[in-house]
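Chain by chain, the residues run as shown.
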Amino acid sequence: MFNVLADLIDLYEMKGVHLCEAYSDIASEALDVSLPYSTPAMYGMVATLFSSEKMIAYNLIQNSIDEAKGAARIKIIAERYAPPALEVKMNKHVAEEMKHSHQFLNLLPLTGYTYEREDKQDNKKELNNILDFDDDLQKFICRVHSIEIRSWTVLRIYMKVIEELKISRMEKAIAVLQDIMNEEITHVLYTGEQIIKWLNEDDKIATVLKDCFAHTSRETWHDLANMSNYLADNLLSLNTAKDRVAGGGAAIALVG
Ligand SMILES: [Fe+2]
Ligand SMILES: [Fe+2]
C-alpha cells in the first residue's frame, strides 16, 4: 500500500516547503501503519465496491454530494473568519471542490446507471444542515488538512484498483480521477503550509492538529465498518435490473 507519510514529505520537499519540528512529529505519529486508509483493509473494501457497477455508481454519487458539501462548508468559514490571503486560497478550493462534484457525477454513465434525484424536501433539510455550520478557523483548517490527505490517498487507491483489477468500464475514468487528485494535492499543500505557519507562530494548535488527525482516522475506521454494514444490507439487491440509483449510500464515500 502507500506510505502516506513518506509521500507527504516528498510533496512538501517538491514544493520547497520547510517542515517545522512540531508538524513533522505530529504527522509521523498520525500517519503511521495504523492509518486506516493505507491498510489492505481499505484497498480490499474499494476493490469489493468496485467489483459491482452499481456500487461504483453509488460511490460516485456519494462522492459528488460530499464534494459539494465540503465546498459549502469551506465557503462559510472562508467568508466568516479567513484573513484576505487565506480567503483567496479557500475560495479557489471551493471552486475546485464544486468542479470535483460535477466530475464525479459526470463519470456515472460509465457505470451504466443514471442518477435518481431524491425527495426535494429531504434535500432542503440536508442543505439546511450543511449551512447550519460553524467552526474555529484553525480547527477547521486542521480538519480539512487531515481529510485532504485522505482524499488524495483514496483517489490513488481507486486508480490502483481500476488498473490492477482491470475494471475496463472505469479505465476511462482514470484521467478524471488523476485531475481531481492533482487538485487534492494542492489542497493538502496549502492547508499544510498554513498550519506550519501557525505552528511557527504559536504551537498551541499542535494539540488541535493531533486531535484532527486522530479524529479523521477514527472516523475512517467507522466508515469502513459502515461500508461493511451497507454491503450486508444491500449486496443481495445489487444485481437487480433497476438502472437508476439514488445517493443513498451515505457510508461509501471517502473523497471530499
Ligand atoms: Fe479537496
Ligand atoms: Fe475534492
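Fair warning: this is a prediction, and the values are worked out from it, not measured in the lab.

Colleague: So what's going on with the overall build of the protein? Which residues, and what values?
Modeller: Scanning the protein from N- to C-terminus turns up nine helices and two strands. Counting from the amino terminus, helix and strand elements in the protein follow one another as α-α-α-α-α-β-α-α-α-α-β. Once local pairs closer than 6 in sequence are excluded, the contacts in the protein between residues at least 24 apart make up 84%.

Colleague: With reference to specific residues and values, describe unusual backbone geometry.
Modeller: Phi is positive for Lys-166, which is not a glycine, with a value near 50°. Turning to its location among the elements, Lys-166 is positioned in the loop between helix H7 (137-164) and helix H8 (174-201). Judged by C-beta crowding, with 9 C-beta atoms within 10 Å, Lys-166 ranks as exposed.

Colleague: Account for the confidence of the model for the protein, naming residues and giving values.
Modeller: Chain-level pLDDT for the protein is 90 on average; 90% of the residues reach the 70-or-more range. Taken element by element, the protein is modelled with least confidence in strand E2 (residues 244-245), mean pLDDT 62, and with most confidence in H8, mean pLDDT 98.

Colleague: Lay out the nonpolar core with the relevant residues and their values.
Modeller: Ranked by internal contacts, the top residues of the largest apolar core, which has 52 residues, are Val-46 and Tyr-158. Mapped by element, the contributors of at least two residues to this core are helix H1 (4-15), helix H2 (21-30), helix H3 (40-49), helix H4 (53-81), helix H5 (84-106), H7, H8 and helix H9 (205-234). It is H7 that provides the largest number of residues to this core, a total of 13 residues. Other than its neighbours up to four places away in sequence, Tyr-158 contacts Val-46 and Leu-177.

Colleague: How would you sum up the packing of H7 against H8? Please name residues and give values.
Modeller: The contact between H7 and H8 brings their axes to 8 Å, and the two run at 155°. Classified by the angle between their axes, H7 and H8 sit roughly antiparallel to one another. Both H7 and H8 take part in a crossing whose hand is left-handed.

Colleague: An account of H1 is requested, with residue identities and associated values reported.
Modeller: With twelve residues, H1 ought to run about 16 Å at 1.5 Å a step, and its terminal C-alpha atoms sit 17 Å apart, in line with that. Gly-16, located one to two residues past H1, shows a positive phi value of around 70°.

Colleague: Could you give me a rundown of the environment of Glu-148, with the residues and numbers involved?
Modeller: Locating Glu-148 in the fold gives a position in helix H7. We classify Glu-148 as buried; it has 25 C-beta atoms within 10 Å. Along the sequence, Glu-148 and Thr-186 sit 38 residues apart, while their C-alpha atoms lie 9.1 Å from each other. Filtering out sequence-adjacent residues up to four positions away, Glu-148 remains in contact with Glu-184, His-187, Val-188 and Thr-191.

Colleague: Help me get a handle on the environment of Ala-82, residues and values and all.
Modeller: Looking at the element boundaries, Ala-82 is found in the loop between H4 and H5. Ala-82 gets classed as partly exposed once you count the C-beta atoms within 10 Å, which come to 19. The spacing of Ala-82 and Leu-137 is 55 residues in sequence and 6.9 Å in space, taken between C-alpha atoms. For Ala-82, the residues in contact, after removing those within four places along its chain, are Ile-77, Glu-87, Met-90 and Leu-137.

Colleague: Residue-level account of the environment of Thr-220, with values.
Modeller: In this fold, Thr-220 is placed in helix H9. Classification of Thr-220 by C-beta neighbours within 10 Å gives buried; the count is 20.

Colleague: I'd like to hear about the packing of H2 against H9, residue by residue, with values.
Modeller: Between two packed helices, both the angle of their axes relative to each other and the distance between the axes serve to describe the pair. Closest axis-to-axis distance for the H2/H9 pair is 10 Å, and the angle between their directions is 20°. On the basis of the axis angle, H2 is roughly parallel to H9. The hand of the H2/H9 crossing is right-handed. Here Ala-22, Ile-26 and Ala-30 of H2 lie close against H9, whose contacting residues are Ala-206, Leu-209, Lys-210, Phe-213 and Ala-214. Partitioning the contact of H2 with H9 into residue classes produces seven nonpolar, no polar and one charged.

So, how was this worked out
- Throughout this description, residue numbers start from 1 for each chain and increase along the sequence as written.
- Ligands are numbered from 1 and chains lettered from A, in the order in which they are written.
- With the structure being a predicted model, the display of local features is reserved for residues of pLDDT at least 70 and the display and counting of side-chain atom pairs for 80 or more, all residues being used for whole-chain, interface and lining totals.
- Helix and strand definitions follow DSSP, with helices as H or I runs of at least four residues and strands as E runs of at least two, each counted in order from the N terminus.
- Placing a C-beta atom from the backbone of each residue, one calls two residues in contact when those atoms lie within 7 Å.
- Around each residue's C-beta, the other C-beta atoms within 10 Å are counted; 20 or more make the residue buried, 12 or fewer make it exposed, and counts in between make it partly exposed. All C-beta atoms are placed from the backbone.
- Note: pLDDT gives the predictor's confidence per residue, expressed from 0 to 100.
- Any nonpolar core is a set of buried residues, restricted to Ala, Val, Leu, Ile, Met, Phe, Trp, Tyr and Cys, that join up through C-beta atoms within 7 Å.
- Geometry is summarised by axes, namely lines fitted to C-alpha atoms with helices restricted to the contacting stretch, and by angles between N-to-C directions that run from 0 to 180 degrees.
- Note that the term roughly parallel is reserved for angles under 35 degrees, roughly antiparallel for angles over 145, roughly perpendicular for angles of 65 to 115, and oblique for everything else.
- The handedness criterion is simple: a crossing whose near helix is rotated anticlockwise from the far helix by less than a right angle is left-handed, and one whose near helix is rotated clockwise is right-handed.
- By this rule the span expected of a helix is its residue count minus one, scaled by 1.5 Å.
- Gly is put with the polar residues, along with every residue not named as nonpolar or charged; the nonpolar set is Ala, Val, Leu, Ile, Met, Phe, Trp, Tyr, Cys and Pro, and the charged set is Asp, Glu, Lys and Arg.

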